[in-house]
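Here's the letter readout for the chains.
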Amino acid sequence: MNIEKPFYEITGGFKPRKYQLEAIRKFIKTLNEGKVLFIKLPTGYGKTEAAIIPYLMQIYYDEWFIAPGLIYILPIRSLAYFQYLRIVDYANNLRKVLDREINLNIIIEHGEIKEKPFLFGDIVLTTLDTFLYCYTRASSYEHGHVDFPVGNIATSMIIFDETHMYQDEYGYMISILNFILKVFSKALIPTIVMSATMPKIIEEKLFDGVNYDRVEYIHDEDYERGNERKIFLELREKYDLQSFIKEKRAALISNTVNNAIDLFLKVKDNVDDLEIIHSRLTTKARRDREHKLKIKRINGKLHFIATQVIESGIDVSVDLMISDIAPPDSLIQRLGRLARFGGKGVAQIVKVKKPYPYVEKLLEATWHVLKNKDYDVASFTEQQKFIDEVFTEADYEALLKSLDKNLRRSIEYLKNMHLLVYEQPEFRARPTSYITVVILEKREYLNLISKVRSNEEPLIDVGENYFNLDLKNILHSGGQVKDFLLHSGDILELKPCNGKFKVIKCSKIKPYGMYILNPNSYLKTSLNNMEYDVGLKIP
């Protein structure tokens, strides 16, 4: 079967690279052997194309030799939109090449507040959390059809992307995914796992006992000739904001949302093309800004401040990057946006006073290795050496916390799960839970408060004015709810009702619930004479 021709035509004129071809050939060859394929290629090399082109080749050749569906799993919601646009482009190219209409249903489904996820579509982009809740039937337990999502998983090709971002302080998500990969291998479900920066110790844990094969970058002369990058690394004790302001294309990456907001407010009056992107913005604001970055991915003036959300999926290039010190795999992902398409770039790595949200020992080891070793962080081979040395020096396994009883119960539930057994799922996708907060415009909010005080339970539309918050961010140390969720002392919860949401008073916050955010806590400012969302800063 010819791979080069459909690859070239579907991608709109790009010839497959050496390791893209190797990955596609190996995946197709081992389809009936139950092997999971691990693709480990540099940022910007084209892992996504290596994974999805085999599925689209089925339509190209009108031969369904892999699976009727594709489920593309990402670690966080913000990555789905960029990948969705890329896949839609490839589907449109395919229509032009075949000169006929293709009935291809491509959807993003990540536990959206308006609907219950079933992973039902030809190509479904989703988050790891949503995928796990569908797999364990927790997403549909209360509504029936509990095995429907599992049926869709069983008849699909599965792609786990950016798996280096699945790490947590317990090694919990890696343990969960290891169990699922073993199941998929035995069930002959075609599965691909991808990463650019996975530490060796994490790879060993992820694939322990899994029947898998791997494709890893070693040397590609054509790629390196056309993508020559030189990154000049500088270690700094504080931010060089003047350099950020003066550079034509620059990024400033913070480890925390609060700090990102503070930096934005400091420089906003000195930069006329500034954007801020983080996890505590409304879905609408995030999407609009990601679209702006896509438009300016290579050319023109560009300044943005971001958090970890920039580490994957956002295809943009800058000439200067100022970043907080971070674990080595995260740091390499950030630097993947520096001189991304070749050329020279400067990276200023800034020491932080507090390690949150990372483990202090891991940050100390990263700083120590960067200070004492001269790694070429633009070289994939050198990147991997750097990552593995830091994880070894930090004694990563010793840093992992013990699983509590809730996490152990989730793993036991997975082991004992059976089809057509309708028991209450005892499963948690992550060590911590979250809530969804909804932001209303001031006028709408004041009208709502007036009705609630009159003991009404008004119905509202939510649109895209929401985001998720980790439960640990909403309570004071004494257990009291923080002010940004209080409305004259009341907590306002939202319950689905006839396509809208009913607003009711409640006495406490529950995991995975929906609540109204006090709009006085959601920062907005004037930027270029227009109102601009800055987001929620948590005291």
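Owing to the predicted nature of the structure, the values given are computational and were not obtained by experimental measurement. (Residues numbered from 1 in each chain as written. Predicted model: local features only at pLDDT ≥ 70, side-chain atom pairs only at ≥ 80, totals over all residues. Heavy atoms only, no water.)

Peer 1: Explain the overall build of the chain here, please?
Peer 2: Tallying secondary structure elements over the chain gives 18 helices and 21 strands in all. Seen through its principal axes, the chain has C-alpha atoms that stretch 70 × 60 × 55 Å. Counting over 539 residues, the chain shows a buried share of 55%. Taking the average place of the 75 positive charges on the side chains of the chain and the average place of its 73 negative ones, the gap between the two points comes to 3 Å. (Helix = DSSP H or I, 4+ residues; strand = E, 2+ residues; numbered from the N terminus. Buried < 20%, exposed > 50% of the residue type's maximum accessible area, 1.4 Å probe, protein only. Lys, Arg positive; Asp, Glu negative; His and termini not counted. Charge placed at Lys NZ, Arg CZ, Asp CG, Glu CD.)

Peer 1: Mind showing me how you'd approach the sheet that holds strand β13 (residues 343–350) here?
Peer 2: Hydrogen bonds between backbone atoms are what pair the strands of a sheet, whose relative direction is either parallel or antiparallel. Taken in spatial order, the 6 strands of this open sheet run β8-β13-β12-β9-β11-β10, and their pairing is parallel. Either end of the sheet is taken by a strand with one partner, and the two such strands are β8 (229–236) and β10 (274–277). The sheet shows a mean angle of 15 degrees between the axes of neighbouring strands, direction not considered. Across 5 bridges, the pairing between strand β12 (residues 320–324) and β13 is parallel. (Pairing = 2+ DSSP bridges. Axes fitted to C-alpha atoms, helices over the stretch in contact; angles between N-to-C directions.)

Peer 1: Explanation requested: the layout of surface pockets in the structure shown.
Peer 2: Space left empty within the atom packing is revealed by a probe, the size of a water molecule, rolled over the atoms. In this model, the second largest pocket occupies a volume close to 1000 Å³. Among the secondary structure elements, those contributing two or more residues to the lining of the second largest pocket are α3 (47–61), α4 (78–98) and α9 (221–226). Per-element accounting of the lining of the second largest pocket gives the leading share, 5 residues, to α4. Taken together, the residues that form the lining of the second largest pocket break down as 8 nonpolar, 11 polar and 14 charged. (1 Å grid on protein atoms, 1.4 Å probe; cavity = no way out; pocket = protein on both sides within 12 Å on 5 of 7 lines; lining within 4 Å. Points joined across faces, edges and corners; volume = space filled by probe spheres on them. Nonpolar A, V, L, I, M, F, W, Y, C, P; charged D, E, K, R; others polar.)

Peer 1: How should I be thinking about the packing of aromatic side chains in this particular structure?
Peer 2: The way to describe two aromatic rings as a pair is by their centre distance and the angle between their planes. Per the counting criterion, the structure on display carries 19 aromatic pairs. Between the aromatic rings of Tyr19 and Tyr45, the centroid separation amounts to 6.3 Å while the plane-to-plane angle is 55 degrees, which identifies the pairing as tilted. With a gap of 26 residues between them, Tyr19 in helix α2 (residues 18–29) and Tyr45 in the loop between β1 (36–40) and α3 connect regions that are remote in the sequence. Tyr45 matches Tyr19 in its accessibility class, with the two residues each being buried. Their ring planes at 10 degrees and their centres at 4.1 Å tell us that Phe207 and Tyr212 sit as a pair that is stacked. Given a relative accessible area of 4%, Phe207 falls into the buried group. On the accessibility criterion, Tyr212 (28% relative accessible area) is partly exposed. Between the NZ or CZ atom of Arg17 and the centre of the ring of Tyr45, over which it lies, the distance is 5.3 Å. (Phe/Tyr/Trp six-rings, centres within 6.5 Å; stacked < 30°, edge-to-face > 60°. Lys NZ or Arg CZ within 6 Å of the ring centre and 35° of its normal.)

Peer 1: Sorry if this is basic, but what is going on with the environment of Lys182 here?
Peer 2: Inspection of the secondary structure puts Lys182 in helix α7 (residues 172–186). The exposure class assigned to Lys182 is partly exposed, which follows from its relative accessible area of 29%. Along the sequence, Lys182 and Val369 sit 187 residues apart, while their C-alpha atoms lie 35 Å from each other. With residues near it in sequence (within four places) discarded, Lys182 still touches Asp208, Gly209 and Val210. (Contact = heavy atoms within 4.5 Å.)

Peer 1: Which parts of the structure should I look at to understand α2?
Peer 2: Because the α-helix completes a turn every 3.6 residues, residues three or four places apart line up on one side. A rise of 1.5 Å per residue sets the reference length of α2, with its 12 residues, at 16 Å; its end C-alpha atoms lie 17 Å apart and thus fit the reference within 8%. The inward-facing, buried residues of α2 abut α1 (4–10), β1, α3, β5 (156–160), β6 (191–195) and β7 (212–216). (Expected span 1.5 Å × (residues − 1).)

Peer 1: Please explain the pairing of β5 as it appears in this structure.
Peer 2: Taken residue by residue, a regular strand's side chains alternate between the two faces of the sheet. Here β5 lies mainly inside the structure; 5 of its 5 residues are buried. Where burial is concerned, the two faces of β5 agree: the one with Ser156, Ile158 and Phe160 and the one with Met157 and Ile159 are both buried. Looking at chain direction, strand β2 (residues 69–74) and β5 are connected through 5 bridges and run parallel. Pairing of Ile71 across the sheet is with Ile158, part of β5. Sheet topology places β5 next to β6; 3 bridges connect them, and they run parallel.

Peer 1: I keep staring at the pattern of salt bridges and nothing clicks. Help me out?
Peer 2: Pairing between side chains of opposite charge can happen when their charged atoms approach one another. A full pass over the atoms with the stated rule returns 36 salt bridges. Residue Lys40 pairs with Glu203 through a salt bridge whose shortest N-O separation is 4.0 Å. With Lys40 in strand β1 and Glu203 in helix α8 (residues 200–206), this residue pair connects regions lying 163 residues apart in the sequence. On the basis of relative accessibility, which here comes to 2%, the residue Lys40 falls in the buried class. Given the relative accessible area of 7%, Glu203 is considered buried. Between Lys205 and Glu397 there is a salt bridge; the shortest N-O distance is 3.1 Å. On the criterion of sequence distance, the pair formed by Lys205 in helix α8 and Glu397 in helix α16 (residues 396–399) is long-range, its members being 192 residues apart. We classify Lys205 as partly exposed; its relative accessible area is 31%. Bridged by salt links that share partners, the residues Lys40, Glu203, Arg214 and Glu216 form one connected network. (Salt bridge = Lys/Arg side-chain N within 4 Å of Asp/Glu carboxyl O.)

Peer 1: So what exactly am I meant to see when it comes to empty space enclosed by the protein here?
Peer 2: All told, the structure shown has 1 cavity of 30 Å³ or more when counted by the stated rule. Residue lining of the largest cavity: Phe27, Thr30, Leu31, Gly34, Lys35, Val36, Phe184, Ser185, Leu188, Ile189, Pro190 and Thr191, and that is the complete set. Counted by class, the lining of the largest cavity contains 7 nonpolar, 4 polar and 1 charged residues.

Peer 1: Please clarify how the packing of α4 against helix α12 (residues 283–295) should be interpreted in this entry.
Peer 2: Two numbers describe a pair of packed helices, the interaxial angle and the distance between the axes. Put simply, α4 and α12 touch, their axes get as near as 10 Å, and they point 45 degrees apart. Looking at the two axes, α4 sits oblique to α12. For α4 against α12, the interelement crossing comes out right-handed. Between α4 and α12, the residues in contact are Ser78, Tyr81, Phe82 and Leu85 and Arg286, Arg287, Glu290, His291 and Lys294, respectively. Among the residues making up the contact of α4 with α12, the classes are represented as 3 nonpolar, 2 polar and 4 charged. (Parallel < 35°, antiparallel > 145°, perpendicular 65-115°, else oblique. Left-handed = near helix turned anticlockwise from the far one by under 90°.)

Peer 1: What is the right way to look at the pairing of β12 in this model?
Peer 2: For β12, the tally of buried residues reaches 5 of 5 residues, placing the bulk of the element in the interior. With 4 bridges connecting them, strand β9 (residues 249–253) and β12 associate as parallel partners. Directly across from Ala250, in β12, lies its bridge partner Leu320. Remark: the β12/helix α13 (residues 328–335)/β13 crossover connection has right-handed handedness. (Right-handed = clockwise from strand over helix to strand, strands pointing away.)

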